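# Examining the three-dimensional arrangement
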Amino acid sequence: MRSTTLLALLALVLLYLVSGALVFQALEQPHEQQAQRELGEVREKFLRAHPCVSDQDLGLFIKEVADALGGGANPDTNSTSNSNHSAWDLGSAFFFSGTIITTIGYGNAALRTDAGRLFCIFYALVGIPLFGILLAGVGDRLGSSLRRGIGHIEAIFLKWHVPPGLVRILSAVLFLLIGCLLFVLTPTFVFCYVEGWSKLEAIYFVVVTLTTVGFGDYVAGASPNQNSAAYQPLVWFWILLGLAYFASVLTTIGNWLRVVSRRTRAEMGGLTAQAASWTGTVTARVTQRVGPTAPPPPEKERPPPPPPPPPCAAQPASRPLSPAAREKTEPPSPPTPPTPPTASALDYPSENLAFIDESSDTQSERGCALPRAPRGRRHPLNPPRKPARPRGPGRPRDKGVPA
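Basis of the calculations
Residues numbered from 1 in each chain as written. Predicted model: local features only at pLDDT ≥ 70, side-chain atom pairs only at ≥ 80, totals over all residues. Heavy atoms only, no water. Helix = DSSP H or I, 4+ residues; strand = E, 2+ residues; numbered from the N terminus. Buried < 20%, exposed > 50% of the residue type's maximum accessible area, 1.4 Å probe, protein only. Contact = heavy atoms within 4.5 Å. Areas by Shrake-Rupley, 256 points an atom, 1.4 Å probe, with all protein chains shown as cover. Phe/Tyr/Trp six-rings, centres within 6.5 Å; stacked < 30°, edge-to-face > 60°. Patch = residues over 30% accessible without salt bridge, like charges linked within 9 Å, V, L, I, M, F, W, Y side chains within 5 Å. Salt bridge = Lys/Arg side-chain N within 4 Å of Asp/Glu carboxyl O.

Here the focus is the overall build of the chain. Broken down by element type, the chain carries 10 helices and 0 strands. Counting helices and strands in the order they occur from the N terminus, the chain gives α-α-α-α-α-α-α-α-α-α. Each of the 403 residues in the chain was classed as buried or not, and the buried ones make up 19%. Counting contacts in the chain only where the partners sit at least 6 residues apart, residues at least 24 apart contribute 60% of the total. Carbon and sulfur atoms make up 64% of the accessible area of the chain, which amounts to about 30,600 Å² in all.

By the definition in use, this model includes 18 aromatic pairs. Taking the centre distance of 5.8 Å and the plane angle of 40° together, the rings of Phe175 and Tyr245 count as tilted. Of this pair, Phe175 sits in helix 5 (residues 164-195) while Tyr245 sits in helix 7 (residues 231-290), placing them 70 residues apart in sequence. Exposure remark for Phe175: the relative accessible area of 8% places this residue in the buried category. Accessibility expressed as a relative area gives 2% for Tyr245, which makes it buried. When the centroid spacing of 6.1 Å and the interplanar angle of 85° are considered together, the rings of Tyr204 and Tyr218 count as edge-to-face. Here Tyr204 is found in helix 6 (residues 199-210), whereas its partner Tyr218 is found in the loop between helix 6 and helix 7, with 14 residues between them in sequence. Put simply, the rings of Phe95, Tyr106, Phe191, Trp197, Tyr204, Phe205, Tyr218 and Trp238 touch in pairs and so form one group of aromatic residues.

Right, let's get into the side chain of Thr188. Mapped onto the secondary structure, Thr188 falls in helix 5. Those residues in contact with Thr188 that sit more than four places away from it in its chain are Lys199, Ala202, Ile203 and Val206.

A word on the environment of Val184. Positionally, Val184 belongs in helix 5. Overall, Val184 belongs to the buried group, its relative accessible area being 12%. Excluding residues within four positions of it along the chain, Val184 makes contact with Gly179, Val206, Leu210 and Phe246.

So, on to the environment of Phe95. Relative to the helices and strands, Phe95 is located in helix 3 (residues 90-101). Overall, Phe95 belongs to the buried group, its relative accessible area being 5%. The spacing of Phe95 and Gly221 is 126 residues in sequence and 9.3 Å in space, taken between C-alpha atoms. Ignoring any residue separated from it by four or fewer positions in sequence, one finds Phe95 in contact with Tyr106, Val219, Ala220, Gln232, Val235, Trp236 and Ile239.

Side chains of Met1, Leu6, Leu7, Leu9, Leu10, Leu12, Val13, Leu14 and Leu17 sit close together on the surface and give an oily, nonpolar patch of about 940 Å² of accessible area. Of note, Met1 is situated in the segment before helix 1 (3-49).

Written out as structure tokens, the structure reads:
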């Protein structure tokens, strides 16, 4: 854990403690002051009724009574009564040992001898880890049993075509409800009936016990009217099962929080990657749009495109051929149709340039199905004999070709 996180958590806990202190002070301090005033009034009334007792003697008597009550004495019994109630009988001593290893420590019964205190030190050092191992095992087995029973209910919901997400939520709610019914509500009504407590007092004792707070103001079996020796041991076994259930609930919550944290980290990593990619894309687009302030380099001048090739099916109408050229190009047999004038188009310099250009060859190939010369050779294999073309603008044209 980071130092900043640890300090923030410590500040949150301190703030929680201060807020709780303020609330408890506002709620309990007036009641304490009222109880102190009532005690003073009762003391003055006793002194007025018994003038032979001094104020100092009465104070010493009250202190001795308080010490005796703290030692486990019962003010309802005295030496003349025949009550056999003891705070250290076998059942009560078993319950006291259970409060040591469960770390509840009610405080209603405390050790008064040095030998008992010394034994309690070693007893707690050995018993608390041993009970922790037992609690983990019982919690695991109890949680598995509850989840197995809830699994059958989940199968029923899935047969009813309930969405799996809703089934998980319902199973978690059932797990909590069944545990609260078995370990909170049922003991509450039992304590109300056996101890004579109100419902608020009973549920207060249940929650304070299962959270191992253990104030000691309400303790099951501490009343002198409870004479059953097996009552407090049964209460301790309920404490064991209740603590195991709460341990399994806390383990489930911890696992759920761990899974949620892992998924949140994965989703945040994906969102961070997407944000970084989006930022890079936007930056690149803005850079391309703005660009450098210097003008781009001038492009090289390209030659003008050559004129389109002449149509393949007909002769150019603007320059008709002479009769002599027609006799040379047309076949002598009249029944056969005239061949396309492939060679006549090369008689003109401008059209010759068009056919020399490679792109014009491609256009002529697409326009009419003429055989194309292989790459690197500009003329067919057996070209017809044609008059020589002038290489320069100053040379005269061949005979028989119109100007």
